[in-house]
Amino acid sequence: MPLYIGVMSGTSLDGLDIALIEQDPAINLIATRYIPMPAPLRTELLSLCASGPDEIARSAIAQQHWVTLAAQGIHALLDQHNLKPQDIHAIGSHGQTIRHEPARGFTVQIGNPALLTELTGITVVSDFRSRDVAAGGQGAPLVPAFHEALFGQHSGNRAVLNVGGFSNLSLIETGKPVAGFDCGPGNVLLDTWIHQQRGDHFDRDGQWAASGKVEPQLLKTLLSDPFFMATGPKSTGREVFNLGWLQQHLGGLPAYQPEDVQATLLELTALTIVKSLQTAQPQTETLLVCGGGAHNTTLMNRLDALLPATHVSSTGAYGVDPDWVEAMAFAWLAHCCLEGIAANRPSVTGARGLRVLGAIYPA
């Protein structure tokens with residue numbers, strides 16, 4: 001059966017996720033590998049999310065480092081499982097998003113797929129967002145069609161929630177096209193704030209947020225952002241929600257304890273998810289959570305409390321490790337591209353129609 005590899009690094013920039021799947025035609029996760037992001041590369045990729053000096057050359061160099069890291073991880077995964085490059089049908093490489101502005105007609109992911117093909121000897125499919133944006137869509141989220149393929153066989157109203165740097169929902173209802181959109185910040189503000197205040201890259205289990213209290217005035221101010229008033233299709237990124245955005249909202253308000261700001265940011269994540277879900281699919285029976293946020297116990301407990309009529313669980317309860325859903329999705333997107341299968345959903349992105357996504361770099 002065809003084997004595909006998916007590679008992605010998300011907005012949290014903690015590392016590269018590499019997943020090997022078998023398309024049987026059912027989707028089976030065969031193996032995984034995680035590569036931590038070197039601190040200098042992480043710093044450079046973060047800086048490239050905003051305008052700066054010599055950014056064209058800097059982005060070209062940064063993506064060479066990113067690809068070298070990805071290729072090392074792919075070879076290690078193959079060696080571990082006694083596989084050869086010719087055993088793999090293709091690599092689906094998302095690359096690293098450094099700009100996402102569909103309202104201005106562009107999205108930028110760096111990842112030098114030509115170099116990745118050269119370093120691995122495997123066909124690479126990349127640049128999955130651009131075709132949808134060219135067709136008038138948001139280019140994001142990309143995962144709802146994959147979530148439908150993975151979890152669509154279950155009955156009832158289901159939703160799949162990915163909580164990475166940003167949170168996005170896939171709404172799956174029998175007899176209807178899958179819907180989905182970005183809800184807003186997932187971990188991005190939580191990670192940014194704890195890093196500034198304590199030097200940590202993330203709030204393990206949401207413990208620091210749990211030690212604080214929600215500040216209603218700050219929460220109201222944060223929720224006033226126009227993004228939260230809009231309905232889907234919609235997508236967002238670090239261009240909107242970043243440390244500067246948070247500091248702007250903190251300005252003019254009382255000086256809050258840092259842990260109370262963290263608690264309020266977690267409540268912002270939870271409330272924007274819940275409001276989005278209840279507005280778009282009010283009778284949701286099951287909410288399956290994947291991404292790093294699935295490990296945030298405080299967030300998961302809050303979602304459970306805010307959705308008493310909905311069964312909230314990790315995708316692990318359905319046999320799919322929440323840490324690997326997105327990397328699996330890009331392996332599946334590579335399969336769709338090579339088979340000529342449209343993988344965007346106009347009901348999600350607002351594109352003018354179905355499109356085959358990705359650019360192919362043959363081995």
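Labelled according to an unreviewed UniProt entry, the chain appears under the name Anhydro-N-acetylmuramic acid kinase, originating from Pseudomonas fildesensis. The UniProt entry for the chain carries the following comment under Catalytic activity (unreviewed entry): "1,6-anhydro-N-acetyl-beta-muramate + ATP + H2O = N-acetyl-D-muramate 6-phosphate + ADP + H(+)". We quote the UniProt Sequence similarities (unreviewed entry) comment for the chain here in full: "Belongs to the anhydro-N-acetylmuramic acid kinase family."

Across the sheet, which stays open at both edges, the six strands sit in the order β3-β2-β1-β4-β7-β13 with mixed pairing between neighbours. Two strands lie at the open edges of the sheet, namely β3 (27-36) and β13 (359-361), each paired on one side alone. Strand-to-strand twist in this sheet, taken as the mean axis angle between neighbours without regard to direction, amounts to 20 degrees. Here six bridges tie strand β1 (residues 3-8) to strand β2 (residues 15-23), and the two strands are oriented antiparallel to one another. Across the sheet, the residue bridging to L3 is E22, located in β2. Sheet strands in contact with helix α13 (residues 325-338) are β1, β2, β3, β4 (90-93), β7 (124-126) and β13, and its direction is about 125 degrees off that of β1.

Taking the numbering used here, the UniProt-annotated feature "binding site: ATP" (unreviewed entry) corresponds to G10, T11, S12, L13, D14, G15, L16 and D17. With relative accessibility at 46%, the residue D14 sits in the partly exposed group. Here D14 is in contact with Y34, P36 and M37, once residues within four sequence places are set aside. Checked against the element boundaries, L16 lands in strand β2. Judged by its relative accessible area of 0%, L16 is buried.

All right, on to the sheet that holds strand β12 (residues 311-314) then. With respect to topology, five strands assemble into an open sheet ordered β10-β9-β8-β11-β12, the strand pairing being mixed. Strands with a single pairing partner mark the edges of an open sheet, and in this sheet they are β10 (179-185) and β12. The sheet shows a mean angle of 20 degrees between the axes of neighbouring strands, direction not considered. As paired strands, strand β9 (residues 166-172) and β10 are joined by six bridges and run antiparallel to one another. When the sheet's bridge partners are listed, L171 is paired in β10 with A179. Together, β8 (158-163), β9, β10 and β11 (286-290) form the strand contacts of helix α11 (residues 258-280), whose direction differs from that of β10 by roughly 155 degrees.

Further remarks concern the packing of helix α1 (residues 39-47) against helix α2 (residues 55-80). The contact between α1 and α2 brings their axes to 10 Å, and the two run at 135 degrees. On the basis of the axis angle, α1 is oblique to α2. As for the relative orientation of α1 and α2, their crossing is left-handed in sense. For the pair formed by α1 and α2, the contact residues are L41, E44, L45 and S47 on the first element and R58, A62, H65, W66 and L69 on the second.

The next point concerns the side chain of Q63. Within the element layout of this structure, Q63 appears in helix α2. What makes Q63 buried here is its relative accessible area of 17%. A distance of 2.9 Å separates a polar side-chain atom of Q63 from the backbone nitrogen of N112. With near-sequence residues (within four places) excluded, Q63 lies in contact with I110, G111 and N112.

On to the pairing of β2. With eight of nine residues buried, β2 lies mostly within the body of the structure. Once β1 ends, the chain turns through six residues before running back antiparallel as β2, passing L13 with a positive phi of about 60 degrees. Sheet analysis places β2 next to β3, joined by nine bridges and oriented antiparallel. By the bridge assignment, L20 is partnered in β3 with A31. As consecutive antiparallel partners, β2 and β3 are separated by three residues.

Bringing unusual backbone geometry into the picture now. Excluding glycine, residues mostly have negative phi values, and the peptide bonds linking residues are mostly trans. Here the residue pair A140 and P141 is connected by a cis peptide bond, since its omega of -10 degrees sits within 30 degrees of zero. In this model, G232 is joined to P233 through a cis peptide bond whose omega is 0 degrees. As for its position among the elements, P233 is in the loop between α9 (226-229) and α10 (243-250). A positive phi angle is found at L13, which is not glycine, with a value near 60 degrees. Mapping L13 onto the fold places it in the loop between β1 and β2.

Bringing the nonpolar core into the picture now. Within the largest apolar cluster, 43 residues are counted, with the highest numbers of intra-cluster contacts made by L161, L169, L265, L287, V289 and L303. Beyond its immediate stretch of four places on either side in the chain, L169 contacts P144, A159, V160, L161, A179, G180, F181, C183, I273, S276, L277 and L287. F128, C290, V325 and L333 belong to the second-largest nonpolar core, a separate cluster that totals 34 residues.

Calculation notes
- Residues numbered from 1 in each chain as written.
- Predicted model: local features only at pLDDT ≥ 70, side-chain atom pairs only at ≥ 80, totals over all residues.
- Heavy atoms only, no water.
- UniProt positions renumbered as here; feature names shortened; annotations may be inferred.
- Pairing = 2+ DSSP bridges.
- Helix = DSSP H or I, 4+ residues; strand = E, 2+ residues; numbered from the N terminus.
- Axes fitted to C-alpha atoms, helices over the stretch in contact; angles between N-to-C directions.
- Contact = heavy atoms within 4.5 Å.
- Buried < 20%, exposed > 50% of the residue type's maximum accessible area, 1.4 Å probe, protein only.
- Parallel < 35°, antiparallel > 145°, perpendicular 65-115°, else oblique.
- Left-handed = near helix turned anticlockwise from the far one by under 90°.
- Polar contact = N/O pair within 3.5 Å; in protein donor to acceptor, adjacent residues only side chain to side chain.
- Core = buried A, V, L, I, M, F, W, Y, C linked by side-chain atoms within 4.5 Å.

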